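# An overview of the molecular structure
Below are the chains, spelled out letter by letter.
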Amino acid sequence: MSLEVWLAFVIASSVLTLVPGPCVLLVVSQALTRGMSSALMCILGDIVGGIALMVLSLIGVGAILAASATLFSIFKWLGVFYMAYLGFSQIIAARKTTSKGENPIKQLPGMGSFKAGFFASLLNPKAIIFYMAFLPQFMSPQNSALLQFSILIVTSAIVIGVILAGYALIAARAREAFQSPRSRKYFDYSGGSFLIGSSVYMANAAK
């Protein structure tokens, strides 16, 4: 893999991550409603989900999904319903927040945030198309496939982690600036709305 090809992958991965999509909105929602620690666990889940997609692409599952519109649609709509479920759950939780800012519904633990990020990444149509259709274009048949794949995995993980952490930091700072119960409740509503908006985005992606 030449330096030019690697830089092209960095740029492509950066653009893919920078454009607000399901994973960005989920991370922002986590940072707004639960804080930076939950957002970081969500980012970790997103990275692992991206790696899983890359591995599936390597073993040929990407070709199967690309050839089967039905299977792709199943993955797509699973993602849509999952994000919508998270969004409506967040709004229901916000409605039950007391005037003291306390919420009787148990907050997502760290592993819950990790799983949310993992499935949001795994079922993201934009990521499926990128990893399973375009990833082979960054690999050369003349060089070691394992080495190139390892480089792409590490590069993708770093790019995703840095960019999503930037989004999370901005959202977490906004959350810290408004600590009143009323503001926290609005943040909960906003977080749920982000997730529902994300499900709408996924529903309209890759038609």
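In this section: empty space enclosed by the protein. Scanning the entire structure with this criterion turns up two cavities of 30 Å³ or more. In this model, the largest cavity occupies a volume close to 160 Å³. Lining of the largest cavity is provided by 14 residues; of these, L16, T17, C23, D46 and N124 occupy positions nearest its centre. Of all the secondary structure elements, the ones that give two or more residues to the lining of the largest cavity are α1 (3-18), α2 (22-34), α7 (125-134) and α8 (145-177). What the second largest cavity holds in volume is close to 30 Å³. Around the second largest cavity sit I47, G50, I51, M54, Y131, I153, S156, A157 and I160, which together line it. Those elements that provide at least two residues to the lining of the second largest cavity are α3 (36-58) and α8. In terms of residue class, the lining of the second largest cavity is built from seven nonpolar, two polar and no charged.

Moving on to the environment of G50. Inspection of the secondary structure puts G50 in helix α3. Relative accessible area serves as the criterion here: at 3%, G50 is assigned to the buried category. On a C-alpha basis, the gap between G50 and S156 in space is 8.0 Å, while along the polypeptide they are 106 residues apart.

Taken as a whole, this structure holds one aromatic pair when the rule is applied. Ring centres of F118 and F119 lie 5.2 Å apart, and the angle between their planes is 80°; this geometry places the pair in the edge-to-face category. Residue F119 is classed as partly exposed on the basis of its relative accessible area, which comes to 34%.

Another aspect to go through is the environment of L53. Looking at where L53 falls in the secondary structure, it is placed in helix α3. When its relative accessible area of 1% is taken as the criterion, L53 is described as buried. Taking the C-alpha atoms as reference, L53 lies 9.2 Å from L123; in sequence the two are 70 residues apart.

A cluster of nonpolar side chains, namely L3, W6, L7, L147 and I151, defines an oily patch on the protein surface of about 450 Å² accessible area. Of all the secondary-structure elements, those providing two or more residues to the nonpolar patch are α1 and α8. By residue number, the principal contributor to the nonpolar patch is α1, which donates three residues. Assignment of secondary structure puts W6 in helix α1. For W6, a relative accessible area of 30% translates into the label partly exposed.

Across the interface, α2 lies against α3 with an axial gap of 7 Å and an inter-helix angle of 160°. What the angle tells us is that α2 and α3 run roughly antiparallel. Considering how the two elements wind past one another, α2 and α3 form a crossing that is right-handed. Of the residues in α3, those touching α2 at C23, L26, V27, Q30, A31 and R34 are M36, S38, A39, C42, I43 and D46.

Conventions and cut-offs
- Residues numbered from 1 in each chain as written.
- Predicted model: local features only at pLDDT ≥ 70, side-chain atom pairs only at ≥ 80, totals over all residues.
- Heavy atoms only, no water.
- 1 Å grid on protein atoms, 1.4 Å probe; cavity = no way out; pocket = protein on both sides within 12 Å on 5 of 7 lines; lining within 4 Å.
- Points joined across faces, edges and corners; volume = space filled by probe spheres on them.
- Helix = DSSP H or I, 4+ residues; strand = E, 2+ residues; numbered from the N terminus.
- Nonpolar A, V, L, I, M, F, W, Y, C, P; charged D, E, K, R; others polar.
- Buried < 20%, exposed > 50% of the residue type's maximum accessible area, 1.4 Å probe, protein only.
- Phe/Tyr/Trp six-rings, centres within 6.5 Å; stacked < 30°, edge-to-face > 60°.
- Patch = residues over 30% accessible without salt bridge, like charges linked within 9 Å, V, L, I, M, F, W, Y side chains within 5 Å.
- Areas by Shrake-Rupley, 256 points an atom, 1.4 Å probe, with all protein chains shown as cover.
- Salt bridge = Lys/Arg side-chain N within 4 Å of Asp/Glu carboxyl O.
- Axes fitted to C-alpha atoms, helices over the stretch in contact; angles between N-to-C directions.
- Parallel < 35°, antiparallel > 145°, perpendicular 65-115°, else oblique.
- Left-handed = near helix turned anticlockwise from the far one by under 90°.
- Contact = heavy atoms within 4.5 Å.

Any link to function would need more than the numbers given here.
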